[in-house]
Amino acid sequence: MTAERTFCPRSEAEGPFFVGIDLGGTNIKMGVVDNQGRTLSWLSIPTEVEKGPESAAGRMGPAVDRAIAEAGLEKSEIARVGLGSAGPMDVRAGKLMLTANLPGWNFFPIRDRVAHHCDLPVTFVNDADAAAYGEYWIGSAKDVDSLILLTLGTGIGCGIIIEGVNLIGANSCGGEAGHIVIDYRDDARICGCGKPGHWEAYASATAVTKITQEALDAGRETSLRDRLADGATLSPKLVSEEAEKGDALALEIVLGTARFLGVGIASLLHTVDPSRVLLGGAMTFGGPTSELGRRFLDAVREEARSRAISVLPERLSVEFATLGADAGYLGAAGVARREYQNEKQ
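In this text the structure is predicted, and so the values were computed from the model without any measurement.

**Student:** I tried to follow the overall build of the protein chain on my own but got confused; where do I start?
**Tutor:** When its secondary structure is counted, the protein chain shows 11 helices and 12 strands. Here the protein chain has a C-alpha radius of gyration of 21 Å; the compact-globule value for 345 residues is 20 Å, and the two agree. For the protein chain, the spread of C-alpha atoms along the principal axes amounts to about 65 × 45 × 40 Å. Within the span of the protein chain, comprising 345 residues, buried residues form 53% of the whole. Total accessible area on the protein chain stands at roughly 15,300 Å², and carbon and sulfur atoms take up 49% of it. Taking the average location of the 34 positive side-chain charges in the protein chain and that of its 46 negative ones, the two points are 1 Å from each other.

As C-alpha cells, then:
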C-alpha cells in the first residue's frame, strides 16, 4: 500500500478521528485516520534513537499537531492516538522493556510521555499486533474474525487476533511466535536471541542469508557467485532475483524457507485455529505479483496442510498481507479506535 497510498478528503471523512503512530528504529511514521480506516494525512520524522526516548516523545507532539492540521482537522476532533512499537514491552504499563532496536530506551514509560507531549490519550500496542489489527480492520483479513499475521524480515514478527481482540498474554509476549521451537536437536541453529532451534533461525531474512552463505562455503554451484563477485550484497532479495532467473540453489533456498514456515504455521494452527494466516514484511520473494512469490506461497500452504489434522487442511487460508508498511500506523489507529469504542460502551 505504501507506493499507492491514497488520501481521503476531509469533506468525505467520517469521524471520530484517530492518529496512528508506528515507532521504528529509523523513522516514526504517523497518519490521521477516520472511523472507516481511511487516511487523511501522513508524515514521517526521524527517530534519532541516540537522542533518547524523551526527545523522540517530545518531537511526536508537534508532529501529531502537524498531521492533524494537514488533515484539515482540529485537535478536539481527535478521539485517541494509537502508538505501535517493537517489543519486548509491558503493554498494560505502557513501558518499553529491553528493546534491541531502540538501545538505551529500556523501561521508558513511552505511552504516558507521548500522551503528555501530544495532549491526547494514547493506546500502546506491539507493532506486529498493530499490523495484524490493520489487516483485520481494513486489509486482507477484514472478512474474518481471527487471524495470524507473520511479518518476515530480520526476524519473524507475529500478531494474533482472536475474535477481534489482540492476543497480548500475561507478560505482553503473546504472539512471540518467532521463538517457537521447530528443531530440538543438539546442533539446531541458534536464534538471534541466543536460544537453539527457534523458528527465526530457519525462516527469517537473517536465516536465509546464513543458509545461503553456508551453501556457498560448501562449494554449491550457483549464479549467486557471479552477482557477489560483481559487488552485490548477499540478501534474501538477491536470492529471490536469482531464483526468478532459474538458479537451482536460490530456488532451493526459497522453497526450503517456505517449508520451514509451513512447519511453524502448522503448530500455530493447532494452537490458535485462526480463520486466516497472512504473510507480510520485507521477505515475501516478490509477493502476489511474482511467479516466484506465488510458488513460495503455495509451498507454504502445502507444507502446513500436510502437517495439519482433521478439518484444518480443507479450511486453511494462507495469503499475502496487503497493507504493506502502512499496516503499522493504520493498525495502531484501529486499536486506538477499538479502545475508544470500548470506553463509550
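**Student:** Please clarify how the side chain of glutamate 135 should be interpreted in this entry.
**Tutor:** Structurally, the position occupied by glutamate 135 is in helix H3 (residues 127-138). The buried charged residue glutamate 135 lacks any salt bridge, with arginine 276 as its nearest oppositely charged partner at 8.5 Å. For glutamate 135, the side chain forms a polar contact with the main-chain nitrogen of threonine 322, separated by 3.2 Å. In contact with glutamate 135, other than residues within four places in its own chain, are Ser140, Ala141, Lys142, Leu149, Leu278, Ala321, Thr322, Leu323, Gly324 and Ala327.

**Student:** How do you make sense of the nonpolar core when you look at a structure like this?
**Tutor:** Counting residues in hydrophobic clusters, the biggest one holds 44 residues, and the most contacted among them are Leu150, Trp199, Ile265, Leu279 and Phe296. Broken down by element, the residue count for this core peaks at 11 residues, all from helix H8 (residues 248-272). Beyond its immediate chain neighbours, meaning those up to four positions away, tryptophan 199 contacts Leu150, Ile156, Ala177, Gly178, Ile180, Ile182, Phe260, Leu261, Gly264, Ile265 and Leu268. Ranked by size, the runner-up nonpolar core spans 38 residues in total, among them Val19, Ala56, Leu83 and Met89.

**Student:** Would you mind showing me how to read the sheet that holds strand E8 (residues 146-152) here?
**Tutor:** The strands that make up a sheet are held in pairs by hydrogen bonds between backbone atoms, and each pair lies either parallel or antiparallel. Read from one edge to the other, the open sheet built from 5 strands follows the order E10-E9-E8-E11-E12, with strand pairing classed as mixed. Lying at the two open borders of the sheet, with one neighbouring strand each, are strand E10 (165-166) and strand E12 (318-320). Relative to strand E11 (residues 276-281), E8 is paired through 6 bridges, and the arrangement is parallel. Note that in E11 the partner of leucine 150 across the bridge is leucine 279. Across the sheet, H3 lies against E8, strand E9 (156-162), E10 and E11, angled at about 50 degrees from E9, the strand it touches most.

**Student:** How should helix H11 (residues 327-344) be read in this particular structure?
**Tutor:** Count 3.6 residues to each turn of an α-helix, and residues three or four apart come out pointing the same way. With 18 residues, H11 extends 25 Å between its outermost C-alpha atoms, agreeing within 8% with the 26 Å of an ideal straight helix rising 1.5 Å per residue. Of all the positions in H11, only Ala327, Gly328, Tyr329, Leu330, Gly331, Ala332, Ala333, Gly334, Val335, Ala336, Arg337 and Arg338 are classed as buried.

**Student:** I'm lost on unusual backbone geometry in this one. Help?
**Tutor:** A negative phi holds for most residues other than glycine; trans holds for most peptide bonds. Residue glycine 15 is joined to proline 16 through a cis peptide bond whose omega torsion reads 5 degrees. Its place among the elements puts proline 16 in the segment before strand E1 (17-23). Within the chain, glutamate 163 stands out as a residue other than glycine whose phi angle is a positive 50 degrees. As for its placement among the helices and strands, glutamate 163 is situated in the loop between E9 and E10. Overall, the relative accessible area of 64% leaves glutamate 163 in the exposed class. If you check the backbone angles, aspartate 273 has positive phi at about 55 degrees while not being a glycine.

Reading the values: the criteria
- Residues numbered from 1 in each chain as written.
- Predicted model: local features only at pLDDT ≥ 70, side-chain atom pairs only at ≥ 80, totals over all residues.
- Heavy atoms only, no water.
- Helix = DSSP H or I, 4+ residues; strand = E, 2+ residues; numbered from the N terminus.
- Rg over C-alpha atoms; globule rule 2.2 N^0.38 Å.
- Buried < 20%, exposed > 50% of the residue type's maximum accessible area, 1.4 Å probe, protein only.
- Areas by Shrake-Rupley, 256 points an atom, 1.4 Å probe, with all protein chains shown as cover.
- Lys, Arg positive; Asp, Glu negative; His and termini not counted.
- Charge placed at Lys NZ, Arg CZ, Asp CG, Glu CD.
- Salt bridge = Lys/Arg side-chain N within 4 Å of Asp/Glu carboxyl O.
- Polar contact = N/O pair within 3.5 Å; in protein donor to acceptor, adjacent residues only side chain to side chain.
- Contact = heavy atoms within 4.5 Å.
- Core = buried A, V, L, I, M, F, W, Y, C linked by side-chain atoms within 4.5 Å.
- Pairing = 2+ DSSP bridges.
- Axes fitted to C-alpha atoms, helices over the stretch in contact; angles between N-to-C directions.
- Expected span 1.5 Å × (residues − 1).

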